Amino acid sequence: MRVVTLAGEDDFEGWRTAARALAAAGVPPGDIAWQSGAAPDLFGDEAVLPTAAPAFPVPRAFITLAETVICHKDPERFALLYALLLRLRARPRAMEDSADPLLLRLEAMAKAVRRDIHKMHAFLRFREVETGEGPRFIAWFEPDHHVVRAAAPFFVRRFANMRWSILTPALSLHWDMAVLREGPGASRADAPSGDPIEAMWKTYYASIFNPARVKIGAMLKEMPKKYWKNMPETALVGELIKGAQARESAMVAKAAAVVGDNAGKTWDAIRAEAMHCTRCDLYKHATRTVFGEGPLDAEILFVGEQPGDQEDLAGHPFVGPAGQVFDSALADAGIDRRRTYVTNAVKHFKFVPRGKRRIHDKPDGGEIAACRWWLQQELTLVKPAVTVALGATAARSLFGKVVTIGALRGSGHRLPDGGEAWVTVHPSFLLRVRDDREAEYERFVADLKAIAARAEAVGAAA
Amino acid sequence: MSQLDVRQKLAILADAAKYDASCASSGTKARDSRGGTGMGSTAPGMGICHAYAPDGRCISLLKILLTNSCIFDCHYCINRKSSNVRRARFTAREVVDLTLAFYRRNYIEGLFLSSGIIRSSNYTMEQIVEVARSLREDHDFRGYIHLKTIPDADPELVHQAGVHADRVSINVELPTRAGLSRLAPEKSAERIEGAMKGMKAAILDGADAKARYKCAPEFAPAGQSTQMIVGADAATDSAIVQRAAGLYDRFGLRRVYYSAFSPIPDASAVLPLVRPPLMREHRLYQADWMIRFYGFSSAEVAESADGSGNLPLDIDPKLAWALKHRETFPVDVNRAPRELLLRIPGLGVRAVDRILAARVHRRLRLADLARLTRSLARLRPFLIAADWRPTLLADRLDPRPKTEQLELFAA
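Chain B is annotated in an unreviewed UniProt entry as Putative DNA modification/repair radical SAM protein from Allosphingosinicella ginsenosidimutans. Regarding chain B, the UniProt comment filed under Cofactor (unreviewed entry) reads as follows: "[4Fe-4S] cluster".

An unreviewed UniProt entry lists chain A under the name Type-4 uracil-DNA glycosylase, with Allosphingosinicella ginsenosidimutans given as the organism. Here is the UniProt Sequence similarities (unreviewed entry) comment for chain A, exactly as written: "Belongs to the uracil-DNA glycosylase (UDG) superfamily. Type 4 (UDGa) family."

Asks: Before we move on, can you summarise the sheet that holds strand β13 (residues 413-414) of chain A with the specific residues and values?
Replies: Residues and elements named next belong to chain A. Judged by pairing direction, the sheet is mixed, and its 5 strands sit side by side in the order β9-β8-β12-β14-β13 without closing on themselves. Two strands bound the open sheet, and with one partner strand each, they are β9 (341-344) and β13. Of the strand pairs in this sheet, strand β8 (residues 300-304) and β9 are connected by 4 bridges, and their pairing is parallel. Across the sheet, residue Leu 301 finds its bridge partner in β9, namely Tyr 341.

Asks: Explain the confidence of the model for chain A to me, using residue names and the numbers behind them.
Replies: Atom-level detail of predicted coordinates should not be read off regions where pLDDT is low. Averaged over all residues, the pLDDT of chain A equals 91, while 94% of them reach at least 70. Averaged pLDDT values for the elements of chain A fall to 76 in helix α8 (residues 237-258) of chain A and rise to 98 in strand β5 (residues 164-167) of chain A.

Asks: So, unusual backbone geometry: which residues are in play, and what are the values?
Replies: Residue and element names in this part refer to chain B. A cis amide bond links Phe 329 with the next residue in sequence, Pro 330, at an omega value of 0°. Relative to the helices and strands, Pro 330 is located in the loop between α10 (317-324) and β9 (331-332). A positive phi angle, close to 65°, is found at Asn 106, a residue other than glycine. With respect to the element layout, Asn 106 can be found in the loop between α2 (92-104) and β4 (110-114).

Asks: Report on the domain arrangement of chain A, specifying residues and quantitative values.
Replies: Residue and element names in this part refer to chain A. Along its sequence, chain A is organised into domain 1 (2-99), domain 2 (124-190), domain 3 (202-253) and domain 4 (261-460). Taken over C-alpha atoms, the centre of domain 2 sits 29 Å from the centre of domain 3. Taken together, the 6 residues of domain 2 in the interface contact 7 residues of domain 3. Between domain 2 and domain 3, roughly 570 Å² of surface is buried when both sides are summed, and carbon and sulfur atoms account for 40% of that area. Remark: the boundary between domain 2 and domain 3 carries 3 salt bridges. Measuring nitrogen to oxygen at the nearest pair gives 3.7 Å for the salt bridge that ties Glu 142 to Lys 229.

Asks: Give me the lowdown on the interface of chain A and chain B, citing residues and values where you can.
Replies: When the parts come together, some accessible area is lost, and that loss is often what is quoted as the size of the interface. Residue-level contacts link 85 residues of chain A with 87 residues of chain B. Between chain A and chain B, roughly 7,400 Å² of surface is buried when both sides are summed, and carbon and sulfur atoms account for 60% of that area. Contact with chain B buries area across many residues of chain A, yet A:Arg158, A:Tyr204 and A:Arg213 alone supply 11% of it, more than any other trio. There are 7 salt bridges connecting chain A and chain B. Measuring nitrogen to oxygen at the nearest pair gives 2.8 Å for the salt bridge that ties A:Asp195 to B:Arg105.

Asks: If you had to explain the sheet that holds strand β3 (residues 126-131) of chain A to someone new, which residues and values would you point to?
Replies: Residue and element names in this part refer to chain A. Overall, mixed pairing links the 5 strands, which are arranged β3-β4-β5-β6-β7 in an open sheet. The sheet is open, and its two edges are formed by β3 and β7 (180-184), each paired on a single side. Between one strand and the next, the sheet's axes are offset by a mean angle of 25°, whatever the strand orientation. When β3 meets strand β4 (residues 134-140), the two strands line up antiparallel, connected through 6 bridges. Looking at the pairing, Arg 127 lines up with Ile 138 of β4. Of the strands in this sheet, β3, β5, β6 (171-175) and β7 are in contact with helix α5 (residues 148-158), which crosses β6 at around 20°.

Asks: Residue-level account of the domain arrangement of chain B, with values.
Replies: For chain B, the domain assignment lists domain 1 (1-20 + 46-165) and domain 2 (329-384). Distance between the C-alpha centres of domain 1 of chain B and domain 2 of chain B: 45 Å.

Asks: An account of the nonpolar core is needed here, citing residue identities and associated values.
Replies: Core analysis: the largest hydrophobic core is formed by 161 residues, its most contacted members being A:Phe126, A:Trp164, A:Tyr204, B:Ile64 and B:Phe102. Per element, the largest residue contribution to this core is 8 residues, and it comes from α2(B). Setting aside its immediate chain neighbours within four residues, B:Ile64 contacts A:Tyr204, B:Leu10, B:Leu13, B:Ala14, B:Ala17, B:Phe90, B:Val95, B:Leu111, B:Phe112, B:Leu113 and B:Ser114. The next biggest cluster of nonpolar side chains, apart from the first, holds 58 residues, and it includes A:Ile270, A:Ala389, A:Leu390 and A:Leu408.

Rules of the game
- Residues numbered from 1 in each chain as written.
- Chains lettered and ligands numbered in written order.
- Predicted model: local features only at pLDDT ≥ 70, side-chain atom pairs only at ≥ 80, totals over all residues.
- Heavy atoms only, no water.
- UniProt positions renumbered as here; feature names shortened; annotations may be inferred.
- Pairing = 2+ DSSP bridges.
- Helix = DSSP H or I, 4+ residues; strand = E, 2+ residues; numbered from the N terminus.
- pLDDT = per-residue confidence, 0-100.
- Domains from an automatic or database assignment.
- Contact = heavy atoms within 4.5 Å.
- Buried area = accessible area lost by both parts, 1.4 Å probe.
- Salt bridge = Lys/Arg side-chain N within 4 Å of Asp/Glu carboxyl O.
- Axes fitted to C-alpha atoms, helices over the stretch in contact; angles between N-to-C directions.
- Core = buried A, V, L, I, M, F, W, Y, C linked by side-chain atoms within 4.5 Å.
- Buried < 20%, exposed > 50% of the residue type's maximum accessible area, 1.4 Å probe, protein only.

Now the structure itself:
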């Protein structure tokens, strides 16, 4: 057993000299005990090495990898690198075989080291102290691996004209604007405990985050808790998260409260934008967007399917034959149409031309989904006590999935966003139905009466 | 209004800046403070994130507004004229001092300065430029500076911003013209794009001069970026992706940031009041990534959208594209060209590079791929390896997670 004692945990040059000599002599990996510092290896009995071996070429990529892996805390790193070195002597292109398990393991170690260096660059915090020669900036940091020397050049480049010290358990570094000195390891107590600027920094940290979009997992992934103890701002995280929900609710409530003052103006603006809607292809053939109509404080909001031939020409919802049935049923149910908001799930007319006529065609799921954005804007503005889906297309738009009218008719249902919806048939169904047309009409009117009663009850409770 | 101290101003003016999605400090030229009198360094590649906020976003720069007062009345903006938020204004000196104090303690990579528009566009732009000038010239600051420029300002002032800054940005604000005219009536798409065009020309001139004369000053070496708000107007994901692709092509932008519209205190009534569509925002970034790194055209990305023109929320857009193009798969990892490997959902650029390097030496088997990639289970249906060939792809492929039945009608 040959024993190699390296000068330090990150002694790349020592490892390189020894490894070069051992590899030249063909010593197998199992016959070498690598150790760093003064700790003696119990099984080491044979003194060191063949001396002054000639250099042999290795790929640049290997040197880069080895320089990084040496900083890893795993005691096996010296032996693993040596094993790869021997392999490279046999197969000079082995570095390119990136599926090789040994290479992958070493690359994973290098990645951990690079990450540790990166986190030291990122999460190290200086504190200012006044000294006889001027201000000095002192940081305390506890890296996972032996990366302090490897991380130092970054700070030299960045803070070349500043006096600073980095204290770590194994090693301390001191920069005096010209030379970097090394000193022994330190303890946290050797570092200053605070800095007046930290209050400013914490103010910034607390203010820059958006409570409406808390993503704790994403934060923890990049800033694991092990780093938190040396970062002043992380003391705030718990309170910020706890308060976020309340802050978001307050933001929404405050925002919701102001709707109403200028709801009319808003509706005009949204309607004007909708006139140029190209969210689906229906705009290409329809005459115009037929937007909803009615008072914005309506208790009942009716959603139909889509404008028909006459609505498309007139630009108003429910003015054709089905609209006339709708009007008469509303009158029979004692509802004043002028006090309701009437709109459609899809706001462009979809048709197939047949001769000179344009025959109504049912909108598909994509068209309904595309148009839902506008319906949501209307619902947000009107905030009706009851939203009424007239027919399956309207119900699909409101509930976001296909539903059957028969199953839902006759009672209220909660909408995904919290409002209350009722479902009934579309007035055009009453034009098509062959048997029991009267009975169906009466049933429709009965639905409307129940809806009116419910709207009054909800409106009174609000 | 009583005088605010700097800390109170910081609270107000950082809070007002939190809706800006950009935080990057990457992509600029390498500089450091050796041989100078000040401090600061930048790396040419990746920037450094010095902390992460509970919203999961990194803190890389001191991101603040010079002031949150504004003469404009854009409805999506918390700082619009008609909003009654508390107003504050930094002096240029205060921003400079704060940047240097934070930088010295290794809290930040530099400054991202934006501003509400006060008095006039030119006056505001002058103030922004003065902060950057002072940092660079008075303090020899060599860290990262990102300046938001104002499209209406004098071109000479906008040019000055590029002289001092690493990156400049001009926000397109909203993906559609209709949305812009509804939500930002005083802004115009023509003026915004005109400013971007001017900036692109200036950046190209700067790079050209630098290539000829070593002593030529840097001009916005990290290029220009923009931001658009998602979810405040009726634009579909397809429309947004195509808009972004057009901006990349025409103005050579480095980045387009998508900011999910989030409820803001004292919001204008012209806005939707729902939670920000964070998943939608995430899918848009994935779609953007497909264009920038995986070689998809914007039209191809649009193909992964559903009938309503939006990207599916339950699966990523690259997988959605693959499911619509089953004829392209499976791809043989031992033979396929790089462009095709990049189309396999679940394979990133790094994994593809490693596969290309490794397959020179061996015929890749599933076990090799398991070591080279993150999740073999996701990839398997889409590829052929030395010991693997998926069967009956079209029938057995069911990568969509089972979605939970919503309690739609619960009492």
